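# Coordinate analysis (summary)
The lines below spell out each chain.
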Amino acid sequence: MYGYTGKMLFVNLTTGELEDKHIPEQWYRDFIGGPALGARILYEYMPAKCDVFGEDSMVGFISGPFNGSNFFCGGRYSVVSKSPVYNGWNDASSGGDFGPSIKAAGYDGVFVKGISPKPVYIFIDSGKAEIRDAEKYWGLTSVEFEKALAADLGCKYSASYIGPGGERMSPMACVLNDYSRAAGRGGTGAVIGSKKLKGVVCTGRLPIQIADKAGLTALNKSIAEFLKDHPMLANMRTAGSSGAFLPNLMSGDTCVKNYSVSLEETGKTVQDFERIGAPKLSDEYKTESYSCAACPMRCGAEVQVREGKYKTDENSKVARPEYESLGWFGPGIMNEDPEVVITCNHLCDQYGLDTISTGGTLGWVFECFNNGVLTKEELDGIEPFWGDGDAAVELTKKICDMEGCGKILAQGSSKAADYYGKGHEYLFVASGMEIAAHDPRRAPGYIRTYQLDPSPGRHVKGGLAKANDRMTRELRYNYRITGYHDVQETCVTEYINASGLCVFTARVFPGTSIYDAYKYVTGNEMNKRDLRFFGIRAFTMRHAFNLREGLRREDFTITDRMAGRPPLKGGPTKGITLDEVRLGDNFYNAIGYYQDGTPYLDMLEITGGLECVINDLYPPEEKK
Amino acid sequence: MNGRYSRNMPALSAEECAVLGQKHVCVVGCGGLGGFLIEILARIGVGAMTVVDGDVFDVTNLNRQLLCEETLLGTKKAEAAAARVSKINSDVKIKAVTEFLTMENGSQLLEDCDLVIDALDNIDSRRILAAVCAKKDLFLVHGAIGGWFAQITVVAPGSGVLDKLYPPKAQVPNKGNPSFTPAVCASIQATEAVKLLCGKPSTLLDKLLLIDLRTLEFTKINL
Amino acid sequence: MKVLVKFFVFDLPPGFADAELELPEGSVVKDVLDACLDLLEQRNVTMDVNELKTATVMVNNKWSDADDPVADGDTVSIIRPMDGG
Ligand code: SF4
């Protein structure tokens, strides 16, 4: 089979069994890879409603066909599991080298269930897998772990693993690879921790069969030619996603003061945050660029703080914070010091905590404290006044160490509010998930995605928000045709995620290149209509996981502030209140679901590949 | 005269048929109403049609939208309309616009049109269409349906009739969309369109026709 | 005074399309709507108040606002907007 190894590794950590599984070839056709194929596999092999930290709970590390194909920006892999935050479907993706490496080691994905009695890791070398002892690695941060592993293995490898955050099962725990890349969201790191699994380590150089290598090479060439003069290339190369920071702050996208006010109302200006954005951040701190596998963008960068109290360790790889982290550790808490942002971000990377959830939780703590809801005593003597970077770093440390109040805050803002029994009015969460630094009041499409994506709270899912950016203001807040745009863009996103492409770039690729690449790699045709059917199938598969868990539309909640209730009093989104119900209705109408979120039977049949869902939702005896 | 149009006569005169053949109609919306409208206008022999819709077909369209076929799910409605027209009547110059009408693209889309037909499915889009028609000084044949009911009127450019039909806070509960209602509504819209194009007086200029298919009561109200 | 009320595009049971209402002199359109709701309630017909309140109203085929007066013998048409296509 072109584009795939055709083999999945199934591991049971309770029994220590490893098994090579050949899933039906049709599943590859129907679900391509990544979260979509992951959802199909978990739907098959993981029982419904099982304890997220129990023996039956499964976690998957899964690649896509473009991983290892050398198609540009096709290096992203995904982790999939149930989420400990909202007990529903979770997938998160990450760049770096792990996606291609897992295939070069002989597998399309690794699926793990059971709980090991002691810490272990899974080692795969060229098609042979084993469970190895990880006692000595348990408790290590990312840099420590990678260094120890490199020394012990003495060969080139790539690993996907958890830090202490995951080991201690924080629902904010991410899954790391390549020191600081992370499949951040939804707490899959905690699920891996609950299994006493440090991670999956791959090595090997098995080739991947490509259907039309010459075609793919020519396509890459034409994309390179296209990108040569494209402004995106230059921007991404120099600044990565940090380039978006100042423009977003200006447009009202960023999470100013935990999303409570507009920048204008704080009395601060964009200039006050200049050092956090491009180009200053990179000018001052950047040491070198890095990139995911097969990407000409090189949007990642390492930084160093050379002096002062936040001086970084020169021997450590310190990542330049991405836009979301800049937003939360910056204006989210009114901090103007880039070194604080770098430090908080690096702590999260080290300990394996999601920077968005950690940043969002900090934003909530800051607002609670400043409004007298949380006291100095409750925060172990720390006084997080707006803009106090030192307090932010100290709180982040406590969260990383799960020490004192950090133990509570490491559960995320929602659970912390429940624990303290207050501060719920300051939460900016969807189904308990903190939100990235993209304000739905600026691009209303986000609220539909935040609320109703099968993995809620994501800025990299869904689609209407992508279309919003191309719309005039009048159209953005006009809900008449959102369903169409929402489904259309969601389908593209599903395809990008499943195939292993990068959301930053794939939408910009010229013409039909993302379809053509699929053909060159897998040998299968793909056109616009196929993509739409695929997208609906992929979304529905992830959605069906939630339906089977008993989750219904009303279980997917957002906090009022997110919808502009009450609206902001100033700034570019002044006075905006969103109608998230209508946006959801429109989306469900357009994708072919009842308003309660149940897919229509004929829609499932026509979409195809969803027989498992049909059997559960419309059991034969009830089918009319 | 072609045999194709012989049965239009004598309901329409030969001159009228010839006039129709010179006219350019824009149908905005290719769903329930649009599908029937486009069919009728293509068969009777208008000279040119621009059909506008950015949407694609989904399963819920199958029950009533003439253009929607099982094999076309997921494809653009406007493209299906163009394909259908070229199969029915190759005399008709057909242009498919696979975008939604907006304030920005509206004027350009309606360039060179003689008449516009409102076959949209939501109030906001209808308001935009009426505004563009006012700007371009074009008559608009409005039709809307809901459950067993339909309404049709002819809107003179800038008369503001749609604003009266749809007060600012108008709420439109979902009454379903059975297949017979769009056919009735579209048929009457097409009738008024043909009258206008042939230079006959329209019966529904500044009048609202309300149809209740449960009782088969047709009520005309002066606007 | 008496006015004749006609409902358009409301899903009312047969026989409810028209109703004759007895109203005090000096009543306005808003009063007619309130009286309609009372009448429907008396006859155990449920209707969403919002549906009625957001409908367009014509008195003797002329568009009217909530505060416009009605007179004896007037016909009041209440039309719920529809927007399907
Ligand atoms: S643009 Fe950045 S994140 Fe995307 S594939 Fe390239 S290097 Fe990775």
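Just so it is clear, the model here is predicted, and its values are computed rather than measured.

What follows concerns the sheet that holds strand 5 (residues 75-79) of chain C. Residues and elements named next belong to chain C. Pairing is mixed in the open sheet, where 5 strands are placed in the order 2-1-5-3-4. Here the strands that pair on one side only, and so sit at the sheet edges, are strand 2 (18-22) and strand 4 (62-64). Along the sheet, successive strands turn relative to each other by an average axial angle of 30°, direction set aside. Bridging between strand 3 (residues 56-59) and strand 5 involves 4 bridges; their strand directions are antiparallel. Within the sheet, the bridge partner assigned to Val-59 lies in strand 5 and is Val-76. Of the strands in this sheet, strand 1 (2-8), strand 2, strand 3, strand 4 and strand 5 are in contact with helix 1 (residues 29-42), which crosses strand 2 at around 110°.

Attention now goes to the site of the ligand. The full set of residues close to the ligand is Arg76(A), Arg181(A), Met236(A), Ser291(A), Cys292(A), Cys295(A), Met297(A), Cys299(A), Cys502(A), Phe504(A) and Thr505(A). Its residues placed into classes, the shell around the ligand shows 7 nonpolar, 2 polar and 2 charged.

The next point concerns the pattern of salt bridges. Two side chains that carry opposite charge are able to pair once their charged atoms sit near each other. Residues and elements named next belong to chain A. One pass over the structure, following the stated rule, counts 46 salt bridges over all chains. For the salt bridge of Arg-132 with Glu-130, the shortest nitrogen-to-oxygen distance reads 3.6 Å. On the accessibility criterion, Arg-132 (26% relative accessible area) is partly exposed. In this structure, Glu-274 and Lys-280 form a salt bridge, with 3.7 Å as the shortest nitrogen-oxygen distance.

Attention shifts here to the interface of chain B and chain C. Counting from both sides, the interface comprises 34 residues of chain B and, opposite them, 19 residues of chain C. It is Phe149(B), Gln171(B) and Lys175(B) in chain B that bury the most area against chain C; as a group they hold 22% of the surface buried on that side. Counting every contact that joins chain B to chain C gives 0 salt bridges. Put simply, chain B and chain C have 6 residue pairs in polar contact (both at pLDDT 80 or more) between them. Within the residue set of the side of chain B that touches chain C, elements represented by two or more residues are helix 2 (32-44), helix 5 (123-136), strand 5 (140-146), strand 6 (149-155), helix 6 (161-165), strand 7 (207-212) and strand 8 (217-222) of chain B. The residue inventory of the side of chain B that touches chain C, partitioned by class, reads 18 nonpolar, 9 polar and 7 charged.

Glancing now at the interface of chain A and chain B. Residue-level contacts link 17 residues of chain A with 21 residues of chain B. For the pair chain A and chain B, the summed buried area comes to about 1500 Å², and 61% of that belongs to carbon and sulfur atoms. When residues of chain A are sorted by the area they lose upon contact with chain B, Arg480(A), Tyr484(A) and Arg529(A) head the list and together hold 41% of the total. Across the chain A-chain B interface, the total number found is 0 salt bridges. Applying the counting criterion to the chain A and chain B interface returns 4 residue pairs in polar contact (both at pLDDT 80 or more). Secondary-structure elements contributing two or more residues to the side of chain A that touches chain B are helix 20 (473-476), helix 21 (482-499), helix 23 (528-548), helix 24 (580-591) and helix 25 (601-607) of chain A. Taken together, the residues of the side of chain A that touches chain B break down into 8 nonpolar, 4 polar and 5 charged.

This next bit is on the packing of aromatic side chains. Summed over the entire model, instances satisfying the criterion amount to 29 aromatic pairs over all chains. With a centroid separation of 5.9 Å and an interplanar angle of 75°, the aromatic rings of Phe71(A) and Phe509(A) are classed as edge-to-face. Within this pair, whereas Phe71(A) is found in the loop between strand 3 (59-62) and strand 4 (77-82), its partner Phe509(A) is found in the loop between helix 21 and helix 22 (513-522), the two being separated by 438 residues in sequence. On the basis of relative accessibility, which here comes to 0%, the residue Phe71(A) falls in the buried class. Arranged with centres 5.1 Å apart and planes meeting at 70°, the rings of Tyr484(A) and Phe100(B) form a pair that is edge-to-face. With Tyr484(A) in helix 21 and Phe100(B) in the loop between strand 3 (93-97) and helix 4 (103-109), the pair connects residues from two separate chains. In this structure Phe100(B) comes out as buried when scored by relative accessible area, which is 15%.

Now for empty space enclosed by the protein. This model, assessed by the stated rule, comprises 5 cavities of 30 Å³ or more. Here the largest cavity is characterised by a volume of approximately 120 Å³. Lining the largest cavity we find 13 residues, and of these Phe533(A), Ile536(A), Met603(A), Asp58(B) and Val59(B) sit closest to its centre. Only helix 23, helix 24 and helix 25 of chain A provide two or more residues apiece to the lining of the largest cavity. Each residue belonging to the lining of the largest cavity can be placed in one class, and the counts come to 9 nonpolar, 2 polar and 2 charged. What lines the second largest cavity is Val85(A), Pro171(A), Met172(A), Ser357(A), Gln411(A), Gly412(A), Ser414(A), Lys415(A), Gly432(A), Met433(A) and Glu434(A). The set of elements that each furnish at least two residues to the lining of the second largest cavity consists of helix 17 (413-420) and strand 16 (433-434) of chain A. For the lining of the second largest cavity, the per-class residue count stands at 4 nonpolar, 5 polar and 2 charged. Both of domain 1 (8-203) and domain 2 (242-423) of chain A provide at least three residues apiece to the lining of the second largest cavity.

In terms of nonpolar packing, the biggest core is built from 124 residues, with Tyr495(A) and Met49(B) touching the most fellow members. When residues in this core are grouped by element, the largest group, 9 residues, is from helix 23 of chain A. Filtering out sequence-adjacent residues up to four positions away, Met49(B) remains in contact with His24(B), Val25(B), Val27(B), Ile38(B), Leu41(B), Ala42(B), Val85(B), Val92(B), Lys93(B), Ile94(B) and Lys95(B). Leu263(A), Val341(A), Leu347(A) and Ala410(A) belong to the second-largest nonpolar core, a separate cluster that totals 80 residues.

Now for the state of the cysteines. Joining two cysteines, a disulfide is a covalent bond between their sulfur atoms. Applying the stated criterion across every chain, the model contains 0 disulfides over all chains. You can see Cys344(A) has no disulfide; the closest cysteine sulfur is in Cys348(A), sitting 6.9 Å from it.

What counts and how
- Residues numbered from 1 in each chain as written.
- Chains lettered and ligands numbered in written order.
- Predicted model: local features only at pLDDT ≥ 70, side-chain atom pairs only at ≥ 80, totals over all residues.
- Heavy atoms only, no water.
- Pairing = 2+ DSSP bridges.
- Helix = DSSP H or I, 4+ residues; strand = E, 2+ residues; numbered from the N terminus.
- Axes fitted to C-alpha atoms, helices over the stretch in contact; angles between N-to-C directions.
- Contact = heavy atoms within 4.5 Å.
- Near = heavy atom within 4 Å.
- Nonpolar A, V, L, I, M, F, W, Y, C, P; charged D, E, K, R; others polar.
- Salt bridge = Lys/Arg side-chain N within 4 Å of Asp/Glu carboxyl O.
- Buried < 20%, exposed > 50% of the residue type's maximum accessible area, 1.4 Å probe, protein only.
- Buried area = accessible area lost by both parts, 1.4 Å probe.
- Polar contact = N/O pair within 3.5 Å; in protein donor to acceptor, adjacent residues only side chain to side chain.
- Phe/Tyr/Trp six-rings, centres within 6.5 Å; stacked < 30°, edge-to-face > 60°.
- 1 Å grid on protein atoms, 1.4 Å probe; cavity = no way out; pocket = protein on both sides within 12 Å on 5 of 7 lines; lining within 4 Å.
- Points joined across faces, edges and corners; volume = space filled by probe spheres on them.
- Domains from an automatic or database assignment.
- Core = buried A, V, L, I, M, F, W, Y, C linked by side-chain atoms within 4.5 Å.
- Disulfide = S-S within 2.5 Å.

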